[in-house]
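An overview of the molecular structure
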Amino acid sequence: MSDQSFREAFKPLHIPAHYDAGDSDENKIVYVLAQLGEGTADDVAIKLHELDPSIDVQAFKAVVASVLGDLYEKGLLKGEESSSAVRYNLSKITEANDGTVNPDLLAPGLD
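Residues numbered from 1 in each chain as written. Predicted model: local features only at pLDDT ≥ 70, side-chain atom pairs only at ≥ 80, totals over all residues. Heavy atoms only, no water.

1. Things to note about the packing of helix α3 (residues 41–51) against helix α4 (residues 57–73)
It is at 8 Å that the axes of α3 and α4 come closest, and there the two elements cross at 125°. As far as their axial angle goes, α4 and α3 are oblique. Relative to α4, α3 is oriented so that their crossing is right-handed. Every residue of α4 that contacts α3 at Ala41, Asp42, Val44, Ala45, Ile46, Leu48 and His49 is listed here: Val57, Phe60, Lys61, Val64, Ala65 and Leu68. Considering only residue class, the contact of α3 with α4 consists of 10 nonpolar, 1 polar and 2 charged. (Axes fitted to C-alpha atoms, helices over the stretch in contact; angles between N-to-C directions. Helix = DSSP H or I, 4+ residues; strand = E, 2+ residues; numbered from the N terminus. Parallel < 35°, antiparallel > 145°, perpendicular 65-115°, else oblique. Left-handed = near helix turned anticlockwise from the far one by under 90°. Contact = heavy atoms within 4.5 Å. Nonpolar A, V, L, I, M, F, W, Y, C, P; charged D, E, K, R; others polar.)

2. Let's talk about the side chain of Asp52
With respect to the helices, strands and loops of the structure, Asp52 is situated in the loop between α3 and α4. One buried charged residue, Asp52, remains without a salt bridge, the closest side chain of opposite sign being Lys28 at 5.0 Å. Setting aside anything within four residues of it in sequence, one finds Asp52 in contact with Tyr19 and Ala21. (Buried < 20%, exposed > 50% of the residue type's maximum accessible area, 1.4 Å probe, protein only. Lys, Arg positive; Asp, Glu negative; His and termini not counted. Salt bridge = Lys/Arg side-chain N within 4 Å of Asp/Glu carboxyl O.)

3. Considerations on the nonpolar core
Membership of the largest hydrophobic core comes to 23 residues, with the highest contact counts inside it found for Ile29, Val44, Leu48, Val64, Leu68 and Leu77. Those elements giving two or more residues to this core turn out to be α2 (25–36), α3, α4 and β3 (86–89). Per element, the largest residue contribution to this core is 6 residues, and it comes from α4. Residues in contact with Ile29, not counting those within four places in the same chain, are Val44, Leu48, Phe60, Val63, Val64, Val67 and Leu68. (Core = buried A, V, L, I, M, F, W, Y, C linked by side-chain atoms within 4.5 Å.)

4. Thoughts on the side chain of Asn89
Mapping Asn89 onto the fold places it in strand β3. In this structure, Asn89 is in contact with Leu33, Gly37, Glu38, Leu77, Lys78 and Glu80, ignoring residues within four places of it in sequence.

5. A word on the packing of aromatic side chains
Between two aromatic rings, the relevant description is the distance of the centres plus the angle of the planes. Enumeration over the complete set of coordinates arrives at 2 aromatic pairs. Both rings, one in Tyr19 and one in Tyr31, keep their centres 6.1 Å apart while their planes meet at 50°; by these two values the pair is tilted. On the criterion of sequence distance, the pair formed by Tyr19 in the loop between α1 (3–9) and α2 and Tyr31 in helix α2 is long-range, its members being 12 residues apart. For the pair formed by Tyr19 and Tyr31, the shared burial category is buried. A centroid spacing of 5.9 Å and a plane angle of 75° characterise the contact between Tyr72 and Tyr88, whose relative ring orientation is edge-to-face. Of this pair, Tyr72 sits in helix α4 while Tyr88 is found in strand β3, placing the two residues 16 residues apart along the sequence. You can call Tyr72 partly exposed: its relative accessible area is 23%. (Phe/Tyr/Trp six-rings, centres within 6.5 Å; stacked < 30°, edge-to-face > 60°.)

6. Remarks on the pattern of salt bridges
In this structure the tally under the stated criterion is 5 salt bridges. The salt bridge partner of Arg87 is Glu38, with a shortest N-O separation of 3.3 Å. Highlighted residues: Arg87 in strand β3 and Glu38 in strand β1 (residues 38–39), separated in sequence by 49 residues. Exposure remark for Arg87: the relative accessible area of 33% places this residue in the partly exposed category. Here Glu38 falls in the partly exposed class, since its relative accessible area comes to 35%. Of the charged contacts, one joins Glu50 and Lys47 as a salt bridge, the two residues approaching to 3.6 Å between their closest N and O atoms. Highlighted residues: Glu50 and Lys47, both in helix α3, separated by 3 residues, approximately one helical turn. When its relative accessible area of 53% is taken as the criterion, Glu50 is described as exposed. We classify Lys47 as partly exposed; its relative accessible area is 26%. Through salt bridges that share partners, Glu38, Asp43 and Arg87 make up one connected network.

Function cannot be read off these values alone, since they describe shape.
Structure (structure tokens):
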């Protein structure tokens, strides 16, 4: 993979400010996930149908699952896997890291 291809594939996730029916599937899905806070692919497809009744929920569930799964695999979304489905959320983007660093554990020369 070239540097340009890598940068394009793993660019930071853009969350649209409003729903646009003419936007890409990924942008529509990310917008709805941001509105929901968290949800499964089915939850996102149902909410998308509420925003745009022309979307066939059953047919679009596969698209939503594919897009969310791809973003999850790239590490751009968080997800909690359960036996029934993965619940996705954007907390990687919306919550700051609240961890601390123990300076005694740093490698020599990094402190």
